[in-house]
Amino acid sequence: MFGPQGPTLRELAVQALSSVERGYDLLAPKFDHTPFRTPDEVLDAVAKAVEPLGPFADGLDLCCGTGAGTRLLAGVCRRTVTGVDFSAGMLDVARRRVRPAGAPRVGWVRADARALPFREAFDLVVSFGAFGHFLPRELPGLCAQVRSALRPGGRFAFPVFAPPRPAHPAFWLLLGFDAAMRVRNALWRPPFVMYYRALRPGALLHELERAGFAVELRALPEFGRRADGSPRGRLVVARRTDGPAPEVSPRQAG
Ligand SMILES: C[S@@+](CC[C@H](N)C(=O)[O-])C[C@H]1O[C@@H](n2cnc3c(N)ncnc32)[C@H](O)[C@@H]1O
């Protein structure tokens, strides 16, 4: 599953017994050889769907890891591209791997997505593969953070995929992964929050609307359709609407 350059089982076990931040620090040098890094086919499909929504001047890759989405942003933003992540190890790898020649300027910021140090600084925010690290109760705070990082009219875009059905082995794999994580988190500190199935896409869309976004879904044709005709992959495009930010209670802000 991970290939010869990926982490060993022992390394994965040590990482999974750490905090999320420390776990990614340890995994960083081998992260691009794991299935956790967003595949190029997803990045390419998203780039194709996002580009016509531009032009964009300044873009942010939220929970950028080793910079998979940052590289995408460099193709659609004219002035600056920023990757933000709380793992210093992941940012170190990103800094070495993502170096576009010329414009846009690329920068890296170490920060928690639940407390972003940006105000109305971007026209476009993207995020890949990170929502499983947030608990449902953290969603309102996360959406509020993204909203205030965007300029009015700015877009928050990310892909969502139809979950596998019970007839598919992936359904049971994800179910088993989440169950193992729940046991691990009940027995061990610090917790490692990563649940594939806890955060329902519908709940995320609802929270985006409550936070002051107009949300639309666009099919990503590259991933085909299910038997019922619905797209397997979609791009969520949440546009920041004008007006004051809705109130978020301190508990929801994380
Ligand atoms: C599965 S990796 C995805 C990395 C990259 N976006 C990709 O698609 O390849 C998740 C990333 O989210 C980061 N992350 C998780 N929780 C975070 C938080 N609260 N604030 C900032 N970064 C966070 C981790 O450090 C890690 O780099």
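Criteria and thresholds
- Residues numbered from 1 in each chain as written.
- Predicted model: local features only at pLDDT ≥ 70, side-chain atom pairs only at ≥ 80, totals over all residues.
- Heavy atoms only, no water.
- Near = heavy atom within 4 Å.
- Polar contact = N/O pair within 3.5 Å; in protein donor to acceptor, adjacent residues only side chain to side chain.
- Nonpolar A, V, L, I, M, F, W, Y, C, P; charged D, E, K, R; others polar.
- Helix = DSSP H or I, 4+ residues; strand = E, 2+ residues; numbered from the N terminus.
- Contact = heavy atoms within 4.5 Å.
- Axes fitted to C-alpha atoms, helices over the stretch in contact; angles between N-to-C directions.
- Parallel < 35°, antiparallel > 145°, perpendicular 65-115°, else oblique.
- Left-handed = near helix turned anticlockwise from the far one by under 90°.
- Phe/Tyr/Trp six-rings, centres within 6.5 Å; stacked < 30°, edge-to-face > 60°.
- Buried < 20%, exposed > 50% of the residue type's maximum accessible area, 1.4 Å probe, protein only.
- Lys NZ or Arg CZ within 6 Å of the ring centre and 35° of its normal.

### Some points on the site of the ligand
Next, step 1: With respect to spatial proximity, 22 residues lie near the ligand, and among them Thr-38, Cys-63, Asp-85, Ala-113 and Phe-128 are the closest.
Next, step 2: Residue Phe-86 places a main-chain N or O atom 3.2 Å away from a nitrogen atom belonging to the ligand.
Next, step 3: Side-chain polar atom of Asp-112 to a nitrogen atom of the ligand: 3.0 Å apart, as the coordinates give it.
Next, step 4: Here the residues of the shell around the ligand sort into 13 nonpolar, five polar and four charged.

### Observations concerning the environment of Ala-88
Next, step 1: Tracing the backbone through its elements, the reader meets Ala-88 in helix H5 (residues 88–97).
Next, step 2: Linking Ala-88 and Tyr-24, residues 64 residues apart in sequence, is a C-alpha distance of 8.6 Å.
Next, step 3: Residues in contact with Ala-88, not counting those within four places in the same chain, are Asp-25 and Arg-110.

### Points about the packing of helix H6 (residues 139–149) against helix H8 (residues 201–211)
Next, step 1: Axis separation between H6 and H8 bottoms out at 9 Å; the angle between their running directions is 50°. Regarding the angle of H6 to H8, the classification is oblique. Judged by the twist between their axes, the crossing of H6 over H8 is right-handed. Contact residues: H6 offers Leu-139, Pro-140, Cys-143, Ala-144 and Arg-147, while H8 offers Ala-203, Leu-204, Glu-207, Leu-208 and Ala-211.

### Side note on the packing of aromatic side chains
The relative placement of two aromatic rings is captured by the distance of their centres and the angle of their planes.
Next, step 1: Enumeration according to the criterion identifies 10 aromatic pairs in this entry.
Next, step 2: A ring pair is formed by Phe-118 and Phe-122, whose centres lie 5.1 Å apart and whose planes are at 80°; its orientation type is edge-to-face. For the pair formed by Phe-118 and Phe-122, the shared burial category is buried.
Next, step 3: For the pair Phe-177 and Tyr-196, a centre-to-centre distance of 5.0 Å together with 70° between the ring planes defines the contact as edge-to-face. Placement of Phe-177 in helix H7 (residues 169–187) and of Tyr-196 in the loop between H7 and H8 is noted, with a sequence separation of 19 residues between them.
Next, step 4: Among the residues examined, Tyr-196 registers a relative accessible area of 36% and is labelled partly exposed.
Next, step 5: These aromatic residues form a ring-pair network of at least three members: Phe-131, Phe-156, Phe-158 and Phe-213.
Next, step 6: Over the ring of Tyr-195 we find Arg-182, and its NZ or CZ is 4.2 Å from the ring centre.

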